[in-house]
Amino acid sequence: MVTRFHRIRMPAILLSDHKSLYAGDQYLLHDGHKAAQSIVHTAHTVKPTVGVKQGCPLSPLLFSLYINDIGTIAEGVQEAFTGTEDVLVMHMLYADDLTLLANAPDAMQTMLNRLVAYARTKHLTINTAKSEVVHFNSRRGAQVPTFMLAGAALKCSDSFKYLGMAYHRTLNMTASSEHAAIPMLAAAHRIPGFVRDTALCDKPFASLWLAKAYVVPAGMYGCQVWSSGFLHEGVEFRSTLQILHLNFFKGTLGVKRSAPKWAILRECAHETLQFYCFRAAIRFYNGLLSSNSATLKQALHADLKLVPRA
């Protein structure tokens, strides 16, 4: 890591601080109280020679600097097209979560081969068991190429999850939105238990407030991306998430499932999920417009090119 920081010309004072931070490091590993005591008694410690400190707030930044040259694996390779001809995407990277993108199979395999060599030079390990391939816009049952990574054939999947949001091979945003149903149901399940434990069973408005604080945000995760198909007039109650939203209110009020939807929302002083998603999407869009990142603005313009004009 120090060699890498020398190469990117990290200021001497920062490099010195980094060396001091990691000088004489020792880790005490334990698995439960008894194991911890036995390790202390025998004075068994681990002196790491690679990696970054676990739990240190500087570690993500140091790791990002260490692999900041990951783009070299795509040199001379045709990257994936977007809505704008001059904007091509080769990868998405968040910490150690890497997604490679390509339109041509040979370009993808070339990047995978280079990734193996890159990881070797960086003393990194690729987890092939957690690596998958998604062939976007491919038909079910179609013959698709097999990609190899470090001698292992990568498994093909219909979808993959990136930063908590699911992307389906058909780019169906409805399928992506339904992935948020799991955390939404989990949040709704916790509220009755909390109400019982805090003796609030005779105060249904407490459950409604908790729903606005926990259920709604859990169901909105990633809505800036997947909610565009649900933001039109007349489709307020079409999404699966909205049905779950209403069912929670009906259960709280003790009314029939056939009760009028708008009346339920008004009685609970809630809006439709469409309202919350629309507000989140607008804030996200305005944030992109005011961003000082050229990359984000290019991505926004490329996405707008894909939107059909009325």
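Quick caveat, the model's predicted, so the values are computed rather than measured. (Residues numbered from 1 in each chain as written. Predicted model: local features only at pLDDT ≥ 70, side-chain atom pairs only at ≥ 80, totals over all residues. Heavy atoms only, no water.)

Caption draft 1: Main features of the overall build of the protein chain. Helices and strands together make up the secondary structure of the protein chain, namely 13 helices and ten strands. The globule rule puts the C-alpha radius of gyration for 310 residues at 19 Å, and the 25 Å found for the protein chain is more than 25% above it. In terms of overall dimensions, the protein chain has C-alpha extents of about 65 × 60 × 45 Å along its principal axes. The buried share of the protein chain, taken over its 310 residues, is 34%. Restricting the contact set of the protein chain to residue pairs at least 6 apart, pairs at least 24 apart contribute 55%. For the protein chain, the accessible area works out to roughly 20100 Å², and carbon and sulfur atoms hold 57% of it. Distance from the positive charge centre (31 side chains) to the negative charge centre (21 side chains) of the protein chain: 3 Å. (Helix = DSSP H or I, 4+ residues; strand = E, 2+ residues; numbered from the N terminus. Rg over C-alpha atoms; globule rule 2.2 N^0.38 Å. Buried < 20%, exposed > 50% of the residue type's maximum accessible area, 1.4 Å probe, protein only. Contact = heavy atoms within 4.5 Å. Areas by Shrake-Rupley, 256 points an atom, 1.4 Å probe, with all protein chains shown as cover. Lys, Arg positive; Asp, Glu negative; His and termini not counted. Charge placed at Lys NZ, Arg CZ, Asp CG, Glu CD.)

Caption draft 2: Focus on the pattern of salt bridges. Under the criterion given, the structure shown has five salt bridges. The salt bridge partner of aspartate 158 is arginine 169, with a shortest N-O separation of 3.1 Å. One end of the pair, aspartate 158, is in the loop between β8 (155-156) and β9 (159-162); the other, arginine 169, is in the loop between β10 (165-168) and α6 (173-178), and eleven residues separate them in sequence. Its relative accessible area of 8% is what places arginine 169 among the buried residues. (Salt bridge = Lys/Arg side-chain N within 4 Å of Asp/Glu carboxyl O.)

Caption draft 3: Representation of helix α2 (residues 12-22). Among the residues of α2, those classed as buried are Leu15, His18 and Tyr22. The arc enclosing the buried residues of α2, seen along the axis, measures out at 60°, which places them on a common side. More than 90 degrees from the buried face of α2, the exposed residues found are Ala12, Ile13 and Ser20. On its buried side, α2 packs onto α1 (2-7) and α4 (59-66). Looking at the residues trailing α2, positive phi occurs at glycine 24, about 65°. (Arc of directions from axis to C-beta.)

Caption draft 4: Expanded view of the nonpolar core. Judged by nonpolar contacts, the single largest core of 31 residues is most densely connected at Ile191, Val215, Met220, Trp226, Leu241 and Phe249. Breaking this core down by element, the ones donating at least two residues are α7 (181-197), α8 (204-219), α9 (223-226), α10 (240-253), α11 (261-267) and α12 (273-289). Discounting residues that sit within four places of it in the chain, leucine 241 has contacts with Ser177, Ala180, Ala181, Met184, Gly219, Trp226 and Leu273. Listed in part, the 20 residues of the second largest apolar core include Phe63, Ile67, Met90 and Phe147. (Core = buried A, V, L, I, M, F, W, Y, C linked by side-chain atoms within 4.5 Å.)

Caption draft 5: Spatial organisation of the environment of isoleucine 243. With respect to the secondary-structure elements, isoleucine 243 resides in helix α10. We classify isoleucine 243 as partly exposed; its relative accessible area is 42%. Taking the C-alpha atoms as reference points, isoleucine 243 and serine 20, 223 residues apart in sequence, are found 56 Å from one another.

Caption draft 6: Quick look at the packing of α8 against α10. One can describe the packing of α8 onto α10 by two numbers: an axis separation of 11 Å at closest approach and a directional angle of 165°. Here α8 lies roughly antiparallel to α10, going by the angle between them. The two elements α8 and α10 meet at a crossing, and its hand is right-handed. Between α8 and α10, the residues in contact are Pro204, Ser207, Leu208, Ala211, Val216 and Gly219 and Leu241, His245, Phe248, Phe249 and Thr252, respectively. Residues of the contact of α8 with α10, tallied by class, amount to seven nonpolar, four polar and no charged. (Axes fitted to C-alpha atoms, helices over the stretch in contact; angles between N-to-C directions. Parallel < 35°, antiparallel > 145°, perpendicular 65-115°, else oblique. Left-handed = near helix turned anticlockwise from the far one by under 90°. Nonpolar A, V, L, I, M, F, W, Y, C, P; charged D, E, K, R; others polar.)

Caption draft 7: Quick peek at the pairing of strand β3 (residues 91-94). The sheet contact formed by β3 and strand β4 (residues 97-100) spans four bridges and is antiparallel. Across the sheet, the residue bridging to leucine 93 is leucine 98, located in β4. Counting the residues between successive antiparallel strands, the hairpin from β3 to β4 contains two residues, one of them, alanine 95, with a positive phi of roughly 55°. (Pairing = 2+ DSSP bridges.)

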